[in-house]
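Descriptive structure summary
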Amino acid sequence: MTGLVSANPVWKSLALQAQAAARVSLRELFAADDQRWRHFHLELDGWLYDYSRQHITEAILTDLLRLAGEVRLPERIAAMFRGDAINLTEGRAALHTALRSGFAGSAEIQKEVRDSRRALSSFAAEVRAGTQLGFTGRPFRHVVNIGIGGSDLGPLLVCDALRAQYTGGITPHFVSNVDRTQLQDLTRQLDPAETLIIVCSKTFTTQETQANARAARDWIASRLGEAAVPKHFVAVSTNAAAMDAFGVAPDRRFTMWDWVGGRYSVWSAIGLVAELTLGTTVFEEFLAGASAVDRHFSQAPLERNLPVLMGLIGVWNRSFLGLPTLAVLPYDQRLARLPAYLQQLDMESNGKSTTLSGERVDYATAPVVWGEPGSNAQHSFFQMLHQGTLSAALDFIAPLRNSWGDALAQDLALSNCFAQAQAFAFGLNADEVAASMQAAKASEADIARLTPHRVHEGNRPSSVLLYGETNARSLGGLLALYEHKIFVQGCIWGINSFDQFGVELGKKLAAGISMSGKGPITGPGSAAVAELIAYVNRTRAR
Ligand code: F6P
């Protein structure tokens, strides 16, 4: 299909249905169809996706599925798994699926992946068994992952979410921010003799990672001697020359490929810190969970395809209902870092306004993705979501049991989750407020005065995604579901979900700004930046 998808008659039909939808509430949709839950949920392979509280009808869903056909989604999915160069602006494949699914990519790529997995698992086994030792002969008890963006958020989420499955006596730590605070805190508490540092950087040129890695190198060299550096550093990168320059020993390098995007790289050697902490068996369960979702996504018909439905509903909420944000609300503290992970995955992938054929879109693309675990979130920003002027799309995500397998302890979390989904959808109207105040014996004056404050408009759409418990397998599946959901949305919007030119400009400008105030700053607004630098230097000198 050439041209903007918004010119397609199916898109126009959906736009008309969105106008009609604005006049019908979720209450009315439920009142009109007592089988609504049956019509709008999907249960498969341990996942339950309840989208009955989304503002859709059978006709809207039919059109959304037709739209997927119009953009040739099945062919696009097949092309991704085959390893076609679907990242057109960079002339590359997007083959993160090959890292976990033997049916993705060519036989040659699969062999490279197997070789890499072998090298990673044997290194992890040696470190965990204490046969790979530090310079002074002590086993490693701490691993510090230095990386940013996809080289940080994925491994951090996996280690955090699977904390209950740590074995082997290794504690993971993460350093990402350029301000070096995280490293400063760690070097005050860790013993360098038992600390292994992984420099994770696909390019090995990222400013933040380079600055932190150099500082960590100085720390090791100053405490253990320069000769200790090769023993205490490991690197994951595609850039051999830069690893040479840094002094990473040849047997301490793990490979990456240009067909793995940073935000899709947790399945690769970038996940090494997680494999060290959790062991290879658990890490491979994580890969297997994602692989099961890959198989489903690549084979299931569109109308029973979970990531396809999630993606189509995302497009409906963003481009047709105009909801600007997606709040990710995991009812499991183990998934506290999931919103941050999905923020990069979604916004760096689909935060684009130019189509693959170079046209400017005339519809909304990626939402602002954010969130916090429930029930904490209920006591901070839910007020705005219930009664504020902005309406958000909401993804409730919850395991049936908590990570130590207890269903009863999770019941409170689940009852909160379901209550919130209900409150967002149906709200509380003026009659109901008045009735409950009358029942509480409030005066007529108070009822009149307070009712407007107590009304909840409702009509806020949400999905509920349930699964057994947060473990390696379900976490792998969950991340793959969202990866594919985001891919589906990118296909519908006609954008390239796999490049990220938008992060380049700031990097380039930062490289040209010297806080010494000596070098000339060029470009629009440079005088104002020079004033900021002058202010910093003046004020610091006081
Ligand atoms: O912020 C842009 C970005 O390129 C991300 O896509 C990537 O995950 C991150 O920087 C880190 O890149 P690298 O792994 O090359 O250091």
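Residues numbered from 1 in each chain as written. Predicted model: local features only at pLDDT ≥ 70, side-chain atom pairs only at ≥ 80, totals over all residues. Heavy atoms only, no water.

Before going further, it helps to spend a moment on the packing of helix α6 (residues 107–129) against helix α13 (residues 280–299). Look at α6 against α13: their axes get within 10 Å of each other, and the N-to-C directions meet at 145°. Here α6 contributes R117, S121 and A124 to the contact with α13, which in turn contributes T280, F283, E284 and L287. Among the residues making up the contact of α6 with α13, the classes are represented as three nonpolar, two polar and two charged. (Axes fitted to C-alpha atoms, helices over the stretch in contact; angles between N-to-C directions. Helix = DSSP H or I, 4+ residues; strand = E, 2+ residues; numbered from the N terminus. Contact = heavy atoms within 4.5 Å. Nonpolar A, V, L, I, M, F, W, Y, C, P; charged D, E, K, R; others polar.)

Let us now look at empty space enclosed by the protein. Overall, the coordinates contain two cavities of 30 Å³ or more when judged by the stated rule. Of the pockets and cavities examined, the largest cavity occupies roughly 190 Å³. G314, N317, L326, D395 and K485 are the residues nearest the centre of the largest cavity, which is lined by 22 residues in total. Among the secondary structure elements, those contributing two or more residues to the lining of the largest cavity are α14 (306–320), β8 (325–330), β10 (393–399), β11 (462–467) and α20 (472–493). Each residue belonging to the lining of the largest cavity can be placed in one class, and the counts come to twelve nonpolar, six polar and four charged. Quantified by volume, the second largest cavity comes out at close to 40 Å³. In terms of lining residues, the second largest cavity is bounded by L99, V113, S116, R117, L120, W257, W267, S268 and A269. Looking at side-chain class alone, the lining of the second largest cavity contains six nonpolar, two polar and one charged residues. (1 Å grid on protein atoms, 1.4 Å probe; cavity = no way out; pocket = protein on both sides within 12 Å on 5 of 7 lines; lining within 4 Å. Points joined across faces, edges and corners; volume = space filled by probe spheres on them.)

So, about the pairing of strand β9 (residues 368–371). If a strand is regular, its side chains alternate between the two faces of the sheet. One ladder, built from four bridges, connects β8 with β9; its direction is parallel. Residue pairing in the sheet places V328 in a bridge with G371 of β9. Between β8 and its parallel partner β9, the chain crosses via helix α15 (residues 338–350), and the hand of that crossover is right-handed. (Pairing = 2+ DSSP bridges. Right-handed = clockwise from strand over helix to strand, strands pointing away.)

What follows deals with the site of the ligand. If you check the shell around the ligand, you find 14 residues, and the closest are S151, S201, T203, T206 and E348. Within the contact set of the ligand, an oxygen atom lies 2.7 Å away from a side-chain nitrogen or oxygen of S151. A distance of 2.5 Å separates an oxygen atom of the ligand from a polar atom in the side chain of T206. Contact with the protein chains removes 87% of the 390 Å² of surface that the ligand exposes when unbound. Judged by the fraction of its atoms near the pocket grid, the ligand is located in the largest pocket. (Near = heavy atom within 4 Å. Polar contact = N/O pair within 3.5 Å; in protein donor to acceptor, adjacent residues only side chain to side chain. Areas by Shrake-Rupley, 256 points an atom, 1.4 Å probe, with all protein chains shown as cover. Sits in = over half its atoms within 2 Å of the grid points.)

On to the sheet that holds strand β4 (residues 171–175), then. Reading across the sheet, the five strands line up as β4-β3-β5-β6-β7 and stay open at both edges, with parallel pairing between neighbours. Strands at the two margins of the open sheet, each flanked by one partner only, are β4 and β7 (253–255). Strand-to-strand, the axes of this sheet are offset by a mean angle of 20°, without reference to chain direction. As paired strands, strand β3 (residues 142–146) and strand β5 (residues 195–200) are joined by five bridges and run parallel to one another.

As a further point, take the pairing of β10. Counting buried positions over the seven residues of β10 gives seven, a clear majority of the element. A two-sided burial pattern is seen for β10, the buried positions comprising A393, D395, I397 and P399 on one face and L394, F396 and A398 on the other. Sheet analysis places β8 next to β10, joined by five bridges and oriented parallel. Paired with A327 across the strands is L394, a residue of β10. Both β10 and β11 contribute to a ladder of six bridges, which runs parallel. Counted as the bridge partner of I397 is L465 from β11. (Buried < 20%, exposed > 50% of the residue type's maximum accessible area, 1.4 Å probe, protein only.)

Of the volumes computed, that of the largest pocket is approximately 920 Å³. Forming the walls of the largest pocket are 39 residues, and the residues nearest its centre are T206, Q500, V503, E504 and K507. At the level of secondary structure, the elements contributing two or more residues to the lining of the largest pocket comprise α9 (207–224), α15 and α21 (504–511). Among the elements that line the lining of the largest pocket, the one with the most residues is α21, at four residues. Split into classes, the residues belonging to the lining of the largest pocket amount to 14 nonpolar, 16 polar and nine charged. Among the domains, domain 2 (96–284) and domain 3 (504–540) are the pair contributing at least three residues each to the lining of the largest pocket. (Domains from an automatic or database assignment.)

Below, the discussion takes up the pattern of salt bridges. One pass over the full model with this rule turns up 23 salt bridges. The partner of R100 in a salt bridge is E483, with the nearest N and O atoms 2.9 Å apart. Here R100, found in the loop between α5 (73–82) and α6, pairs with E483, found in helix α20; they are 383 residues apart in sequence, far enough to count as distant. An identical accessibility class is assigned to R100 and E483; each is buried. The residue K507 makes a salt bridge to E504 at a minimum N-O spacing of 3.7 Å. Of this pair, K507 and E504 both sit in helix α21, three residues apart, which is roughly one turn of that helix. For E504, a relative accessible area of 37% corresponds to the partly exposed category. (Salt bridge = Lys/Arg side-chain N within 4 Å of Asp/Glu carboxyl O.)

In this section: the side chain of S116. Summarising the element assignment, S116 is placed in helix α6. Once residues within four sequence positions are removed from consideration, S116 is found in contact with T255 and W257.

Partitioning the protein into domains gives domain 1 (27–86 + 300–417 + 461–497), domain 2 (96–284) and domain 3 (504–540). Taken together, the 26 residues of domain 1 in the interface contact 24 residues of domain 2. Interface area for domain 1 against domain 2, summed over the two sides, is near 2100 Å², with a carbon-plus-sulfur share of 62%. Contact with domain 2 buries surface across domain 1, with F81, R334 and R337 losing the most and accounting together for 28% of the total. Inspection of the region where domain 1 meets domain 2 yields two salt bridges. Note that E348 and R263 form a salt bridge whose closest N and O atoms lie 2.9 Å from each other. Counting across the domain 1 and domain 2 interface gives eight residue pairs in polar contact (both at pLDDT 80 or more). When contributions to the side of domain 1 that touches domain 2 are tallied by element, the ones reaching two or more residues are α5, α15 and α20. It is α20 that provides the largest number of residues to the side of domain 1 that touches domain 2, a total of eight residues. Residue classes in the side of domain 1 that touches domain 2 are distributed as twelve nonpolar, eight polar and six charged. (Buried area = accessible area lost by both parts, 1.4 Å probe.)

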